Amino acid sequence: MRLPISLFFEILCFCFSIIFYLKKRNKLQLYFIPFLFITVLIELLGRWATFPDYFGKFAMYNIFTTLEFVFYSLLFFIHYKKQSFKKFSLLFIPTYIFSVVINLAFIQGFSKTFHTYTFLLGSFFIVIFCCFFFYESVQPDKIDQQLSKLPFFWICSGLLIYYLGSVIINALYQYLTSNDLRTEGMKIYDLINDSLIIILYSSFCIAFYLCPNNTKKFSSQS
């Protein structure tokens, strides 16, 4: 059974989160361990599991991607300094969940198709959240800090590239999968999507590596 390269990077990132948490005991890695475990599990089920008629593969992805946006929003909430940005990221969560419920219940359906409308909405807001973080990072009081050494800079950069790319390729999905382009269009879509996934999870791995070492602090508290 050939392991897709995108799934390989997701599994590698999950392993990195465990390894570097055991080495450094940093909360950022700890937040990601259950999230990445669920991500890998969902991808494995999506590729090789069979689903009943009342709960298809799309239903699983619709639930997971909604929780994915909630997880990222909470990460931004934790890392923002400005209270206005914190409130905005927190307010996004119930608003977004409500939008997904309305979409799945009355517009696109729960298990027959992927919730492209609300996925694009969530992607747009993640891009906005990333811009907020970069705005905070270039303020005068932080001008001396080296962004490339900040773990969350890499997470934010990966999310920005991934969700900007996702907005573009999902907006073009119907065109790429039209009858005239179906075979080549799907190859292009899969190539771009796999590349975005590799960039995203590679940036997560760099972030885990750059996390401060809290082992001594953890040991003293124990």
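Whatever comes next refers back to the structure up there.
So, how was this worked out
- Residues numbered from 1 in each chain as written.
- Predicted model: local features only at pLDDT ≥ 70, side-chain atom pairs only at ≥ 80, totals over all residues.
- Heavy atoms only, no water.
- Patch = residues over 30% accessible without salt bridge, like charges linked within 9 Å, V, L, I, M, F, W, Y side chains within 5 Å.
- Areas by Shrake-Rupley, 256 points an atom, 1.4 Å probe, with all protein chains shown as cover.
- Salt bridge = Lys/Arg side-chain N within 4 Å of Asp/Glu carboxyl O.
- Helix = DSSP H or I, 4+ residues; strand = E, 2+ residues; numbered from the N terminus.
- Axes fitted to C-alpha atoms, helices over the stretch in contact; angles between N-to-C directions.
- Parallel < 35°, antiparallel > 145°, perpendicular 65-115°, else oblique.
- Contact = heavy atoms within 4.5 Å.
- Nonpolar A, V, L, I, M, F, W, Y, C, P; charged D, E, K, R; others polar.
- Expected span 1.5 Å × (residues − 1).
- Bend = angle between axes of the 7 residues up to and from the residue.
- Buried < 20%, exposed > 50% of the residue type's maximum accessible area, 1.4 Å probe, protein only.
- Polar contact = N/O pair within 3.5 Å; in protein donor to acceptor, adjacent residues only side chain to side chain.
- Phe/Tyr/Trp six-rings, centres within 6.5 Å; stacked < 30°, edge-to-face > 60°.
- Lys NZ or Arg CZ within 6 Å of the ring centre and 35° of its normal.

Asker: Which residues make up a nonpolar patch on the surface, and what values do they have?
Answerer: The grouping of Leu3, Ile5, Phe8, Leu44 and Trp48 at the surface amounts to a nonpolar patch, some 430 Å² of accessible area in total. Where the nonpolar patch is concerned, the elements lending two or more residues are helix H1 (5-24) and helix H2 (27-48). Summarising the element assignment, Trp48 is placed in helix H2.

Asker: Account for the packing of helix H4 (residues 83-107) against helix H5 (residues 116-137), naming residues and giving values.
Answerer: Viewed as axis vectors pointing N to C, H4 and H5 meet at an angle of 170 degrees, and their least axial separation amounts to 9 Å. What the angle tells us is that H4 and H5 run roughly antiparallel. Together, Phe85, Phe88, Ser89, Phe92, Tyr96, Ser99, Val100, Asn103 and Ile107 of H4 and Tyr117, Thr118, Phe119, Leu121, Gly122, Phe125, Ile128, Phe129, Phe132, Tyr135 and Glu136 of H5 make up the contact between the two elements. Among the residues making up the contact of H4 with H5, the classes are represented as 14 nonpolar, five polar and one charged.

Asker: Give me H2: which residues, what numbers.
Answerer: Spacing of three or four residues puts side chains on the same side of an α-helix, whose turn is 3.6 residues. With 22 residues, H2 extends 32 Å between its outermost C-alpha atoms, agreeing within 8% with the 32 Å of an ideal straight helix rising 1.5 Å per residue. Maximum bend of H2: about 30 degrees, positioned at Ile33, with proline Pro34 one to four residues after it. When we look at burial in H2, the residues that qualify are Leu28, Gln29, Phe32, Ile33, Phe35, Leu36, Thr39, Val40, Ile42, Glu43 and Gly46. For H2, the N-terminal capping position is held by Asn26, with its side-chain oxygen 3.0 Å away from the main-chain nitrogen of Leu28.

Asker: Before we move on, could you go through the packing of aromatic side chains and cite the residues and values that matter?
Answerer: Counting across every chain of the model gives 41 aromatic pairs. When the centroid spacing of 6.1 Å and the interplanar angle of 35 degrees are considered together, the rings of Phe88 and Phe125 count as tilted. Taken together, the positions of Phe88 in helix H4 and Phe125 in helix H5 put the pair 37 residues apart, joining distant regions of the chain. Phe88 sits in the partly exposed class, given a relative accessible area of 33%. Across from the ring centre of Tyr209, 5.3 Å away, lies the NZ or CZ of Lys24, which sits over that ring. Residue placement shows Lys86 over the ring face of Phe77; its charged tip is 4.6 Å from the ring centre.

All quantities given are derived from atomic positions and should not be read as evidence of function.
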